[in-house]
Amino acid sequence: MFRRVAVLMVILPGLAGLFSVTQSAAQTSGAAFFQTIVVDPYSQALGEATVALRGYPSAATINPASIGRTNTVQLGSNINPDGGGFFQTPWLPDAIDGVWVASQTVDVRFRRWAFGYQYKEFSFGESDFRDAQNNLLGTFELRDHSHKVVAAYALRPNLSVGAGLNLIRSGTVPVVVGPADFDEATTVSLDLGVVYGLDFDVPYARLKPSVGWSLTDFGRKLRFGDDDFEDPLTMMMRGGLSVQVESDAQWLRRPMLTLGLHGALSKTLVGVDEKDGNFESYGPFEALVKAWKPVEVRVNPFNEEVAEFKTLNAIDQLTTHTGLEVSMLKIFAVRWGGYHSSKYLGDRNYDTFGFGIDLYYLALDYSKTNTLDSPFYKTTHWRLTARIPLADSPDNFWPELLKAF
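Residues numbered from 1 in each chain as written. Predicted model: local features only at pLDDT ≥ 70, side-chain atom pairs only at ≥ 80, totals over all residues. Heavy atoms only, no water.

Student: Just checking my understanding: could you explain the overall build of the protein chain for this structure?
Tutor: Within the protein chain one finds 5 helices and 22 strands. Looking at the protein chain as a whole, 51% of its 405 residues are labelled buried. In the protein chain, the proportion of contacts linking residues at least 24 apart, taken out of those at least 6 apart, comes to 62%. Working note: accessible area of the protein chain is about 19,100 Å², and carbon and sulfur atoms make up 61% of it. (Helix = DSSP H or I, 4+ residues; strand = E, 2+ residues; numbered from the N terminus. Buried < 20%, exposed > 50% of the residue type's maximum accessible area, 1.4 Å probe, protein only. Contact = heavy atoms within 4.5 Å. Areas by Shrake-Rupley, 256 points an atom, 1.4 Å probe, with all protein chains shown as cover.)

Here it is as structure tokens:
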């Protein structure tokens, strides 16, 4: 574990902006934190406030209960039109070069069941080994990756539950074999989720409220090599509410205008206990309870002799997510969002913007982070989704459109 931390300190100085120096990394994130990185532009543009929404292509990342589109196979991937690896979306492009995420998904929903698979890979970038004379000895690339298998079941038409199983591998991939030996670790984690929605008429419109909850990456801790310290997984709990309003006025059997308001709260369930100068991280069951207790964080720079601390209660430790979407005919959509975490626990505060074009068989989504003073400034994501219908669907507007012309 400590060798791995040393490597990260050399390769990723820019990550310091993500995990505030006022709090130890063991309390703001754990191992395999790449699992919590959301690169789906639909969710990203809405501030990741999508835990109560169903059917979007990368839903398995947020809530396993919300996967799948009725009678449809969906295949989606992030793409990078700006060059580099076409399926590798850059992460923190202006802060750290060569750091990217790849995320491909496939899901299908038929009758009450939905199934999905997601592959995710996170590259920290390449680093060189050099001797005292600066001669190149070798190169390595630090990568994590995971395989996620998900299933969801509709207990009722408006109530779905879901579960996912993750196979996570954390370690290095040698580009050129170097002289150092780096440890790898493998573990399995569990995702759980539920989403409940209503659907009823109001004057001039149709109202669709929904609520959702999820717990992701509940699993045993990782141990790297012979290290005594075990790294906990970055387990997250999310809960949220969404309200969508569809106008009664329609064309192509679709509402002319749809307005969506979305909000969510999330909490990273990671922490450590200190006893006699020794640190021990929480196990998954401990974290469900202990990670909610008040924590003390240092609020002044570490190079100052007298330390100053602040106590954060459970509410202070929550991250808030907000999103707004305006859609015309459910074909063209514009989205805005906000992501706000505590100044002392990550200090990730930024606003997002995005749009989407959904042509039933093919959809394209885009998101961009707008906040100038955020390390995520100018982070953009593109995602392409292909759909294969398994039966006739009222969502297919093409027959009506062709008749109209």
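Student: Even after reading the chapter, I still don't get the pattern of salt bridges, so can you show me in this structure?
Tutor: As a working rule, side chains carrying opposite charge can pair if their charged atoms are close by. Per the stated rule, a full pass over the model turns up 12 salt bridges. A salt bridge links lysine 290 to glutamate 286; the nearest nitrogen and oxygen atoms lie 3.2 Å apart. Taken together, the residues lysine 290 and glutamate 286, both in helix 4 (residues 284-290) and 4 residues apart, mark about one turn of the helix. (Salt bridge = Lys/Arg side-chain N within 4 Å of Asp/Glu carboxyl O.)

Student: What exactly am I supposed to notice about the environment of glutamine 244 here?
Tutor: Relative to the elements of secondary structure, glutamine 244 occurs in strand 10 (residues 236-247). The exposure class of glutamine 244 is partly exposed, given its relative accessible area of 23%. For the pair formed by glutamine 244 and leucine 207, sequence separation is 37 residues and the distance between their alpha carbons is 6.0 Å. Residues in contact with glutamine 244, not counting those within four places in the same chain, are Leu53, Arg206, Leu207, Lys208, Thr258, Leu259, Gly260 and His262.

Student: Explanation requested: the packing of aromatic side chains in the structure shown.
Tutor: Using the criterion set out here, one finds 16 aromatic pairs in the structure. Ring geometry for tryptophan 91 versus phenylalanine 122: centroids 5.4 Å apart, planes at 80°, classification edge-to-face. Taken together, the positions of tryptophan 91 in the loop between strand 2 (89-90) and strand 3 (100-110) and phenylalanine 122 in strand 4 (residues 113-130) put the pair 31 residues apart, joining distant regions of the chain. Summarising the aromatic geometry, the rings of phenylalanine 218 and phenylalanine 285 are spaced 4.9 Å apart at their centres and angled 85° between planes, so their arrangement reads as edge-to-face. You can see phenylalanine 218 sitting in strand 9 (residues 205-219) and its partner phenylalanine 285 sitting in helix 4, a full 67 residues away along the chain. (Phe/Tyr/Trp six-rings, centres within 6.5 Å; stacked < 30°, edge-to-face > 60°.)

Student: Looking at this structure, I do not really get the nonpolar core. What am I missing?
Tutor: Note that soluble globular proteins tend to have their nonpolar side chains buried in a common cluster. Counting 21 residues, the largest nonpolar core has Phe33, Phe34, Ile37, Trp91, Val101, Phe122 and Leu222 as the members making the most contacts within it. Counting residues in hydrophobic clusters, the runner-up holds 15 residues, among them Val51, Ala59, Ile67 and Ala114. (Core = buried A, V, L, I, M, F, W, Y, C linked by side-chain atoms within 4.5 Å.)

Student: So what exactly am I meant to see when it comes to unusual backbone geometry here?
Tutor: Glycine aside, residues mostly have negative phi, and peptide bonds are mostly found in the trans state. Although it is not a glycine, arginine 253 adopts a positive phi angle of roughly 60°. Not every positive phi belongs to a glycine, and leucine 329 is a case in point at roughly 60°. Looking at the secondary structure, you find leucine 329 in the loop between strand 18 (319-328) and strand 19 (332-340). Given the relative accessible area of 8%, leucine 329 is considered buried.

Student: Would you take a moment to explain the confidence of the model for the protein chain for this structure?
Tutor: Atom-level detail of predicted coordinates should not be read off regions where pLDDT is low. Mean pLDDT over the protein chain: 84, with 83% of residues reaching 70 or higher. Contacts for the low-pLDDT stretch residues 1-26, under 50 throughout, to residues beyond four places or in other chains number 61 contacts. (pLDDT = per-residue confidence, 0-100.)

Student: For this particular structure, what's the right way to read the environment of leucine 345?
Tutor: Tracing the backbone shows leucine 345 in the loop between strand 19 and strand 20 (349-358). For the pair leucine 345 and valine 297, spaced 48 residues apart in sequence, the C-alpha to C-alpha distance is 8.4 Å.

Student: Quick question: what am I supposed to make of the pairing of strand 19 here?
Tutor: Sheet topology note: the strand 18/strand 19 ladder contains 9 bridges and is antiparallel. Counterpart to serine 327 in the pairing with strand 19 is alanine 333. Hairpin connection of strand 18 to strand 19: 3 residues between the antiparallel strands, including leucine 329 at a positive phi of 60°. Alignment of strand 19 against strand 20, held across 9 bridges, turns out to be antiparallel. Its bridge partner lying in strand 20, histidine 340 is registered against asparagine 349. (Pairing = 2+ DSSP bridges.)

Student: I keep staring at the environment of threonine 187 and nothing clicks. Help me out?
Tutor: Checked against the element boundaries, threonine 187 lands in strand 7 (residues 185-197). For threonine 187, the residues in contact, after removing those within four places along its chain, are Asn166, Leu167, Ile168, Arg220, Leu222 and Leu233. Polar contacts involving the side chain of threonine 187 include one to the main-chain carbonyl oxygen of arginine 220, which spans 3.4 Å. (Polar contact = N/O pair within 3.5 Å; in protein donor to acceptor, adjacent residues only side chain to side chain.)

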